[in-house]
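# Structural characterization, general
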Amino acid sequence: MKTAHTRRHLFQHRPLASAEQQFAGINDASGTALRVRITARVCRNGCVHSRRQRERPSSTGRGRAGGNGGEGRMGRGGPERAAVLDVGCHSALLTVVRWRPGGGLEPVFSYKVRLRLHEALDRRGRLREVGITSVQRAVAEAMAAVGVRRSPTVFPFATSVIRDAPNREQVIAQVARATGTRLRVLPGEEEARLAYVAARQWTGSESGPLLMLDIGGGTVEIASGRGAQPRSVLSLPLGARRITRDWLPGGAIASTARLEEVREFLGHALSAAPGLPVAARDGRVVACSKTFEQLARLAGTPSRRRKPHTGRQLTLSQLRRWIPVLADAGPARRTRLPGISRHRAGQALAGALVAEALLTACEAESVGISPWSTREGLLLEHLGAVSAAPRHDLPLVG
């Protein structure tokens, strides 16, 4: 199956218990999913002019049902296809997948719009108007792209760059008014749970000790358990973008002493975290983030994708060898290093320091790199590929 992929560049409470229920909330009052056909035109200011036609699916369950073209035939306890719009600091990524029995998630269509929201944040972390406009345009383009395809209900959510912004409600409201799409915001603990679910499925093992680590821009997510669902989840304000802003302005390091100050701060913050899990001797440690992936590429570890459920590995000793290199290079020169992308170069040093602190605090000597994270966890649960285990103490935010 060929995957359609499109990329564009721009400058860029009602509590619910779980992501599974959030999908169900798109149904009408009678509990019946609605099919919506969208014809959209995107204006320069990010507004969408659209015509929507709703109709009920056929009684056989084989008709397409959902917010943007339908969910198709059902499979393994859920729809055959699922779609997520993930709005993060660096991009808005629309992903449509199908469930293939015995083969896992199969990409159907993706649409990516590059964002630079870190450049649109003020000193308090508020998203300025230029950033809000870029989000509007990205969401409008993605939803217009999926609206002309035979696609399922799209679950749109935003990560910590919007979730943690003091003007979050303003951002969500403006985007909703301009595009007709209201972004959801998951608590950090729910993001951790979903990333664990994805990591567990990716490893191919249904049981056994598993520690999941995820370094985002604003927060770090940690989850551990022995089954399909984690026993403990943590979300800590130690993301790479946040550490860069608070400790490494401009992404550069002023002195070796400053480097040690950041290390000391991260060590104390993690040691004070209640219930921080440690790696089990007979378990696996899996990292689910672009930060870890780029650090593994930087360290030169080869991909092992030819073997099922394996990927790159990153060791603590490799991290410690490369941190001085990142510190000496500066953001501009880091882009010449293997694996470091231009839009993440400024926070690469902070990401490496956070990764080092995580592995040290969790007593892990190495970590496997998983390409799946929160987004894939949402898709897996919506498809019914895994059993959702709602945590009623983790309400939806926004």
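Residues numbered from 1 in each chain as written. Predicted model: local features only at pLDDT ≥ 70, side-chain atom pairs only at ≥ 80, totals over all residues. Heavy atoms only, no water.

### Considering the pattern of salt bridges
Just so we agree on the cut-off: Salt bridges are defined as contacts in which a side-chain nitrogen from Lys or Arg sits within 4 Å of a carboxyl oxygen from Asp or Glu. Buried residues are those whose accessible area, probed at 1.4 Å on protein chains only, stays under 20% of the maximum for their type, while exposed residues exceed 50% and partly exposed ones sit between those limits. Going along the chain from the N terminus, every DSSP run of H or I of four or more residues is numbered as a helix, and every run of E of two or more is numbered as a strand.
Summed over all chains, the structure comprises 18 salt bridges. In this structure, the salt-bridge partner of Glu169 is Arg168, at a minimum N-O distance of 3.3 Å. Look at Glu169 and you get partly exposed, because its relative accessible area is 40%. The residue Arg263 makes a salt bridge to Glu260 at a minimum N-O spacing of 2.9 Å. With Arg263 and Glu260 both in helix H7 (residues 256-271), this residue pair falls three residues apart, about one helical turn. Within the structure, one salt-bridge network assembled from shared partners comprises Arg163, Asp164, Glu191 and Arg242.

### Some thoughts on the nonpolar core
Rules: Grouping buried Ala, Val, Leu, Ile, Met, Phe, Trp, Tyr and Cys residues that are joined through side-chain atoms within 4.5 Å yields what is termed a nonpolar core. Every residue pair with non-hydrogen atoms within 4.5 Å of one another is taken to be in contact.
With 49 residues, the main nonpolar core has Leu213, Ile222, Phe292, Leu314, Leu349 and Leu358 as its most contacted residues. Per-element tally for this core: the top contributor is helix H10 (residues 348-361), with ten residues. Ignoring sequence-local partners within four residues, the contact set of Ile222 consists of Ala192, Leu211, Met212, Leu213, Ser232, Val233, Leu234, Leu236, Leu276, Pro277 and Leu358. Counting 33 residues, the second largest nonpolar core, distinct from the first, contains Ala83, Ile132, Ala142 and Val171.

### Observations regarding the sheet that holds strand E13 (residues 232-236)
Test applied: Strands are treated as partners if at least two bridges between them are detected by DSSP. Throughout, an axis means a line fitted to C-alpha atoms (over the contacting stretch in the case of helices), and angles, computed between N-to-C directions, take values from 0 to 180 degrees.
Spatially, the six strands line up as an open sheet ordered E13-E12-E11-E14-E16-E15, and their pairing is mixed. Of all strands in the sheet, those with a lone pairing partner are E13 and strand E15 (313-315), marking the two edges. Looking at each pair of strands side by side, their axes are set apart by 25° on average, direction ignored. Sheet topology note: the strand E12 (residues 220-225)/E13 ladder contains five bridges and is antiparallel. Each residue of the ladder has a partner; that of Ala223, found in E13, is Val233.

### Overview of the pairing of strand E6 (residues 81-87)
Counting buried residues in E6 gives seven out of seven residues, a clear majority hidden from the surface. Counting the residues in the hairpin turn of E6 and strand E7 (residues 91-100) gives three residues. Pairing between E6 and strand E9 (residues 154-158): five bridges, direction parallel. Bridging from a neighbouring strand, Leu85 pairs with Pro156 of E9.

### Topic: empty space enclosed by the protein
One way to see where empty space is left: roll a probe the size of a water molecule over the atoms. Put simply, the test is: Throughout, the protein atoms alone are placed on a 1 Å grid, and a set of points is a cavity if a 1.4 Å probe fits but cannot get out or a pocket if it is open with protein on both sides within 12 Å along at least five of seven lines; lining residues have an atom within 4 Å of a point. Grid points are joined across faces, edges and corners, and a volume is the space filled by probe spheres set on the points.
The computed volume of the largest cavity comes to approximately 80 Å³. Surrounding the largest cavity, Ala240, Thr291, Gln294, Leu295, Ile340, Arg344, Gln347, Ala348, Gly351 and Ala352 form its lining. Where the lining of the largest cavity is concerned, the elements lending two or more residues are helix H8 (290-299) and H10. The calculated volume of the second largest cavity comes to roughly 30 Å³.

### Here we look at helix H9 (residues 316-334)
Selection criterion: The span expected for a helix works out to 1.5 Å for each residue beyond the first. The angle between axes fitted to the seven-residue stretch ending at a residue and the seven-residue stretch beginning at it gives the bend at that residue.
Between its first and last C-alpha, H9 extends only 20 Å over 19 residues, short of the 27 Å set by a 1.5 Å rise per residue. At Asp328, H9 shows its largest bend, some 65°, and a proline, Pro331, comes one to four positions later. Within the span of H9, buried status applies to Leu316, Gln318, Leu319, Ile323, Leu326, Ala327, Ala329, Gly330 and Arg334. Looking at the buried positions of H9, the neighbouring elements they touch are H7, H8, E15 and H10.

### Quick notes on the side chain of Thr374
What counts here: N or O atoms closer than or at 3.5 Å make up a polar contact, with two conditions inside protein: a donor-capable atom paired with an acceptor-capable one, and, for residues adjacent in sequence, both atoms drawn from side chains.
Tracing the backbone shows Thr374 in helix H11 (residues 374-383). For Thr374, a relative accessible area of 7% translates into the label buried. Of the polar contacts made by the side chain of Thr374, one reaches the backbone oxygen of Glu191; its length is 3.1 Å.

### Description of the packing of aromatic side chains
What counts here: Pairing of aromatic rings covers Phe, Tyr and Trp, the last counted by its six-membered ring, and requires centre-to-centre distances within 6.5 Å; plane angles under 30 degrees mean stacked, over 60 mean edge-to-face, and any other angle means tilted.
Evaluation of the coordinates by the stated rule reveals two aromatic pairs. Each ring, one from Trp247 and one from Phe265, has its centre 4.9 Å from the other, and the planes form 35°; the classification is tilted. Separated by 18 residues along the polypeptide, Trp247 in helix H6 (residues 240-247) and Phe265 in helix H7 bring together distant segments of the chain.

### Topic: unusual backbone geometry
We note that Glu363 has phi near 55°; this positive angle belongs to a residue other than glycine. Following the sequence through the fold, Glu363 ends up in the loop between H10 and strand E16 (366-369).

### What about the environment of Val367?
Tracing the sequence through the fold places Val367 in strand E16. A residue is classified by how much of its surface remains accessible, and Val367, at 0% relative accessible area, is buried. Distance in space between the C-alpha atoms of Val367 and Ala355 is 9.9 Å, their sequence separation being twelve residues. Setting aside chain neighbours within four positions, we find Val367 in contact with Val285, Val286, Ala287, Phe292, Arg312, Gln313, Leu314 and Leu359.

### A few points about the side chain of Arg241
The condition that has to hold: Only four residue types enter the charge count, namely Lys and Arg as positive and Asp and Glu as negative; His and the chain termini do not.
Checked against the element boundaries, Arg241 lands in helix H6. Buried charge Arg241 goes without a salt bridge, the closest partner of opposite sign being Asp164 at 5.5 Å.

### Observations concerning the confidence of the model for the protein
We apply this condition: Residue-level confidence of the predictor, termed pLDDT, takes values from 0 up to 100.
Per-chain confidence: the protein averages 79 in pLDDT, with 73% of residues scoring 70 or above. Within the model, the stretch residues 1-76 combines pLDDT values under 50 with 196 contacts to residues more than four positions away or in other chains. Contacts of residues 390-398 to residues separated by more than four positions or lying in other chains number 34 contacts, the stretch itself having pLDDT below 50.

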